[in-house]
Each structure stands twice: as C-alpha cells, then as structure tokens.
Amino acid sequence: MNKLEGLSPSSVELWEQCPKKFYEQKMMGRSGGTSESALMGTFVHLVLEKLMQLPAEERTIDRTRLIATESWEEFTGSQEWISWVEETGFNDTRGFKEKSWQSINGYHGMENPKEVEVVATERFMSATIEGVPVRGIIDRLDSDVLGGTVVVDYKTGKVSSPAFQAPKLRQLNIYAALVEEVDGKRPDEARLLFTTFSWMVDTKVTAKSVNAAVETLSRVWSEIDRALQDDMFEAKAGALCGWCPFVAECPEGATEVQIRMKAGRLKPSAPAWDLIGGKALDFLPS
C-alpha cells in the first residue's frame, strides 16, 4: 500500500523529473530550502488572488498597487520569508519588490481583469481518480462567455518553449480531472499565464487530454508503490541536476554535474556551482 496521502499535479512532475528527488522531498520531508524566485511566486500569487476576489469593476492597476503594498507586511511576516532572510542574509528588498511588481504588472498586460468572470480563486480540491488520491490548489477557475469552465494557472518564471510545455499542460489536465470528478463537469479550456513576460498559453481540455493525464497519474502511483516495496528510488540524471538541492549527496547527480562543468555546459546560475564546485567528492571518479 502506498504510504503517501495522495498526489498533486506538481508531485507527479517531480516524480517524472527524478524519483530520488521525489523521495527526499515527499517521503523524507526535505524541502532543500526555498529560493528568491519561489518566494516571489508566492507573493505574486497572493496579490493576484486578492485582486481577483474583488468585484470586477474594482480590479484596476491602482487597486493592484494598493493590494501589493498592503500585502507586503503580511508576506514578510510569514515564517517562510523570515527563515529565508535569516538563512541567506538577503537584504535586497528593493530589488525583490521591483521584480515582483514586474510580474504583477505583467499580468495586466495579458488580460483585462475587469472582463474576467471568476468562479473561484485558490480553490483546494481532492478526490480519488481511478484509485489514485489526488489533491491540489487551483489558482483560478473562470467561466467563459459560453458558460464553460476555464482552469487558470499563474507562472512567474520564464516562458517554457513549446517543446518543454508538456509537463505544465499535463498539470492543467490533472486539475481539469479534479474539477470533473468533484463538480461533475469537465472544464473546456485551460490557461497558463506567464505573468512576468505577459505571455499566455491556451489549451483545449478534451476527454483525450484528461484521460492521458489520468493514465500518467495511475502509472506514477504504481511506480511509487513498486519503489516503496523495493526500497529503491533511482536518480534520473540530467540537466536539472545542476538545480537540485540534494546533488552533493547523489552520486549520479554529482557525476552528471561535474561532467557538465568540465564540458562548459552548466549555466553559471546553477546552484550546483556552490554545492559542488570543484570539490572532489568521495564517490566521484577521479
């Protein structure tokens, strides 16, 4: 029997990325720490959530600025922010605010919030789908002009190229499966809003797309069960090892990172430079 309480769309993608990283985060409860970009995403989501809870006519850019100002004290009073500042010594509050506002303002550049018919914001949903317990928080549910439901997910990071959008679109279809299971009606559309870059990605939600997402859910759930039974969560080495907080403890990941370092294929921004750098770890070949 699986020891997990359930899967979320993000945990499915974490498993697909690397079962060993999944084990550290989901089974052992190790977050690996947070980051400035993750915290910025939290703040932007908070501001947009409050904005879209207002009556449509009040969703102006000036009101958004006021919400951001009023939310700042709440956000910086959170334990997540306080702990991160203490651990990192972060002191560029001005830069953080500027980048956050760029993302918030970018939202206004892609749609008129006054014209959006919001059904729900930050809605938590849970259900058992094909034997798999699934849960997740949907950033926003809208109603379109024909009365259909639209699943909306905010992204504050860089825009994924079409070749790398599949995981994010699959997450949207898992959310759609949750909505269908709980509300009894499948959404008609799903939307990624890359707020920082004012870039929108729309996708139709179909029986085929939802079924494919549910098949992935079932497969991942079964693979986790087998990994638990065998007590073996294998690493999946690749380019993302450079951003894994556990890479210094992972022979496969550390080897991959050092190969990329030597070949000049590891980006200067990769945290692995600080986690490993030029250190010769015991399990690495000389």
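A quick note: this is a predicted structure, and the numbers were derived from the prediction, not measured. (Residues numbered from 1 in each chain as written. Predicted model: local features only at pLDDT ≥ 70, side-chain atom pairs only at ≥ 80, totals over all residues. Heavy atoms only, no water.)

Draft legend 1. Quick peek at the side chain of Ser8. Relative to the assigned elements, Ser8 resides in the segment before helix H1 (9-17). Among the polar contacts made by the side chain of Ser8, one reaches the side chain of Ser10 at a distance of 3.1 Å. (Helix = DSSP H or I, 4+ residues; strand = E, 2+ residues; numbered from the N terminus. Polar contact = N/O pair within 3.5 Å; in protein donor to acceptor, adjacent residues only side chain to side chain.)

Draft legend 2. Representation of the sheet that holds strand S4 (residues 189-194) within the structure. Ordered by their spatial adjacency, 5 strands build an open sheet running S1-S2-S3-S4-S5, and the pairing between neighbours is mixed. The sheet is open, and its two borders are formed by strand S1 (117-129) and strand S5 (199-204), each paired with just one other strand. Each strand axis lies, on average, 35 degrees off the axis of its neighbour in the sheet, ignoring direction. Sheet topology places S1 next to strand S2 (residues 132-143); 11 bridges connect them, and they run antiparallel. Residue pairing for S2: Arg123 is matched across the bridge by Ile138. (Pairing = 2+ DSSP bridges. Axes fitted to C-alpha atoms, helices over the stretch in contact; angles between N-to-C directions.)

Draft legend 3. Geometry of the pattern of salt bridges. Applying the stated criterion across every chain yields a total of 21 salt bridges. Where Lys50 meets Glu74, a salt bridge forms, and the shortest distance between an N and an O atom there is 2.7 Å. Pair noted here: Lys50 is in helix H3 (residues 36-52) and Glu74 is in helix H4 (residues 61-76), with a separation of 24 residues, a long-range link. On the basis of relative accessible area, Lys50 is assigned to the partly exposed category, the value being 27%. Of the charged contacts, one joins Asp62 and Arg65 as a salt bridge, the two residues approaching to 3.2 Å between their closest N and O atoms. Taken together, the residues span about one helical turn, with Asp62 and Arg65 both in helix H4 at a distance of 3 residues. For Arg65, a relative accessible area of 40% gives the class partly exposed. (Salt bridge = Lys/Arg side-chain N within 4 Å of Asp/Glu carboxyl O. Buried < 20%, exposed > 50% of the residue type's maximum accessible area, 1.4 Å probe, protein only.)

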